[in-house]
Amino acid sequence: MLKVVKFGGTSLSDSKQFAKVRRIVETDDSRKVIVVSAPGRRETKDNKITDLLYLCHAHIKYDVEFDRILGMIKERYIEIRDECALKIDIGKIIDKAFENIDKNTSQDYIASRGEYFSAMLMAEYLGYKFVDAAEWITFGYDGRVDYKATEEKLRDLQGIYEKIVTPGFYGSYPNDEIKVFSRGGSDITGAIAAALLGADVYENWTDVSGILMVDPRIVDKPKTIARVTYDELRELSYMGASVLHEDAVFPVRVKDIPLNIRNTNDPDNPGTIIRESFEDELEEEYERFITGIAGKKDFSIVNIYKNRMGSAKNRLLRDVLELFEKYDIPIEQIPSGVDSFSVLFPSECIKAKKYDLMAALRNNENIDSCDLSDGISLIAIVGRQMAYRAGISGKIFKALGDNNVNIRTIEQGADEINIIVGVFTEDFERAIKILYESFAM
Ligand code: ASP
């Protein structure tokens with residue numbers, strides 16, 4: 001059994017968090033490959049080490065003295081080292097890393113040091129072998145991960161050392177130059193390691209107990225989603241739920257390795273498991289039928305009318321879509337009636353172009369009339385248990401209707417794992433609460 005385990009910045013912010021990580025790793029011998037982020041914030045006003053490193057780079061680039069920032073960085077690591085009673089001379093390692101720094105030193109190199117120092121400390125603390133990410137995450141010169149080279153190197157290294165700690169967030173080009181992923185990229189490193197080593201599970205430890213069924217700013221203390229499929233996750237994140245970056249799930253998704261999101265501060269909580277599909281659907285999940293609810297605010301609708309539209313509809317649709325393309329307005333939905341159809345899009349995308357777009361539509365001789373309205377918000381009700389089951393949308397609409405929420409638009413994908421309703425923005429939060437309270441409890 002092999003678990004690849006990634007700990008995020010808040011799980012490594014100080015020695016207390018380091019101790020929690022050690023406890024987690026020690027309770028399960030299969031947690032053999034550990035990927036770490038740089039220390040994150042200890043409290044809201046604190047700084048993330050990675051942010052400080054980017055700041056260092058900016059100072060270096062413009063020839064501004066950066067000793068104070070580097071001092072803050074060093075202090076954090078030395079404090080962790082001392083409080084964890086480690087021997088490693090991290091101060092010296094940091095000095096060495098910054099020794100030959102000048103204007104030409106790449107931003108990526110500097111930013112990557114946060115994970116590098118963090119992994120060094122953690123390796124000693126766990127008694128695991130430190131393996132530099134630059135030794136195995138290999139980028140091609142096109143900036144993409146060279147999976148073949150990366151796999152060979154990682155397999156070799158893990159074959160030799162078995163239990164390793166490796167920094168997240170970066171790798172190297174064939175000429176050894178360091179390259180980082182996008183921010184939050186340690187998630188990607190962990191997913192790549194899990195996929196290439198064929199891990200039984202990829203555990204991603206953070207500061208929340210998994211993915212919540214609904215935005216906690218709207219519903220107080222919502223439930224955690226115990227099991228979610230990648231497709232459901234995609235629907236939820238597209239509709240505004242903050243979940244993992246797609247690049248961070250892709251490697252494990254293609255290998256069908258379960259991704260388990262866990263909370264370092266609540267290690268007994270099983271968190272959320274993400275998989276392609278689940279063989280056994282649980283009675284409780286079937287009964288609840290909703291996996292999660294997410295929503296996005298502030299959409300506008302253009303309504304297009306044409307009496308006896310009939311076969312002219314195709315042409316009209318094309319004309320309208322071409323105009324949206326010309327004005328670079330992304331379309332979200334196209335609900336359609338017999339002699340009319342509507343185009344729904346984010347309000348912010350039309351601001352400056354509003355009059356031009358409406359004038360162009362009015363000038364189209366095939367359109368009888370058109371109008372524009374704002375103030376629509378979309379709510380996605382997502383659940384694999386909704387597919388091919390009669391009566392689900394009825395229940396959803398009834399709950400909203402009984403509470404006097406007017407539904408402006410309705411959309412359901414053919415895979416039936418989501419139903420998206422458009423409501424007036426002033427009803428947005430209330431509608432989400434109603435749906436959660438009616439079906440998620
Ligand atoms: N330390 C990096 C960041 O703050 C990467 C990570 O934590 O995943 O973005």
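Placed above this text is the structure.
First, a word on scope: everything that follows refers to the structure included in this document. Not measured: the values here are computed from a predicted model.

## Regarding the packing of helix 2 (residues 49-61) against helix 5 (residues 107-126)
It is the contact of helix 2 with helix 5, at a shortest axis distance of 8 Å, that shows an interaxial angle of 150°. The orientation of helix 2 relative to helix 5 falls into the category roughly antiparallel. The way helix 2 lies across helix 5 gives a crossing that is right-handed. On helix 5, the residues that touch Ile49, Thr50, Leu53, Tyr54, Cys56, His57 and Ile60 of helix 2 are Gln107, Ile110, Ala111, Arg113, Gly114 and Glu115. Here the residues of the contact of helix 2 with helix 5 are counted per class, giving seven nonpolar, four polar and two charged.

## A look at the sheet that holds strand 3 (residues 129-130)
On the basis of which strands lie adjacent, the open sheet formed by eight strands has the order 3-4-2-1-7-9-10-8 and mixed pairing. Taken across any chain shown, the strands that pair with only one partner, and hence form the sheet edges, are strand 3 and strand 8 (227-229). Summarising the sheet, strand 3 and strand 4 (residues 164-167) pair through two bridges and their orientation is parallel. Paired with Phe130 across the strands is Val165, a residue of strand 4. Sheet strands touched by helix 6 (residues 147-161): strand 2 (31-36), strand 3 and strand 4. Its angle to strand 4, the strand with the most contacts, is close to 145°.

## Quick word on the site of the ligand
Taken together, Ser37, Thr50, Glu115, Phe169, Arg183, Gly184, Gly185 and Ser186 form the complete shell of residues around the ligand. Within the side chain of Glu115, a nitrogen or oxygen atom sits 2.7 Å from a nitrogen atom of the ligand. In isolation the ligand exposes 260 Å². Once the protein is present, 90% of that is buried. For the shell around the ligand, the class distribution of residues is one nonpolar, five polar and two charged.

## Considering unusual backbone geometry
Generally, phi is negative for residues other than glycine and the peptide bonds are trans, each holding for most cases. For Lys221, which is not glycine, the phi torsion reads 45° and is therefore positive. Along the chain, the position of Lys221 falls in the loop between strand 7 (201-206) and strand 8. Taking the relative accessible area as the measure of exposure, Lys221 reaches 71% and is therefore exposed. Despite not being glycine, Arg308 shows a phi value in the positive range, around 50°.

Reading guide: rules and limits
Residues numbered from 1 in each chain as written. Predicted model: local features only at pLDDT ≥ 70, side-chain atom pairs only at ≥ 80, totals over all residues. Heavy atoms only, no water. Axes fitted to C-alpha atoms, helices over the stretch in contact; angles between N-to-C directions. Helix = DSSP H or I, 4+ residues; strand = E, 2+ residues; numbered from the N terminus. Parallel < 35°, antiparallel > 145°, perpendicular 65-115°, else oblique. Left-handed = near helix turned anticlockwise from the far one by under 90°. Contact = heavy atoms within 4.5 Å. Nonpolar A, V, L, I, M, F, W, Y, C, P; charged D, E, K, R; others polar. Pairing = 2+ DSSP bridges. Near = heavy atom within 4 Å. Polar contact = N/O pair within 3.5 Å; in protein donor to acceptor, adjacent residues only side chain to side chain. Areas by Shrake-Rupley, 256 points an atom, 1.4 Å probe, with all protein chains shown as cover. Buried < 20%, exposed > 50% of the residue type's maximum accessible area, 1.4 Å probe, protein only.

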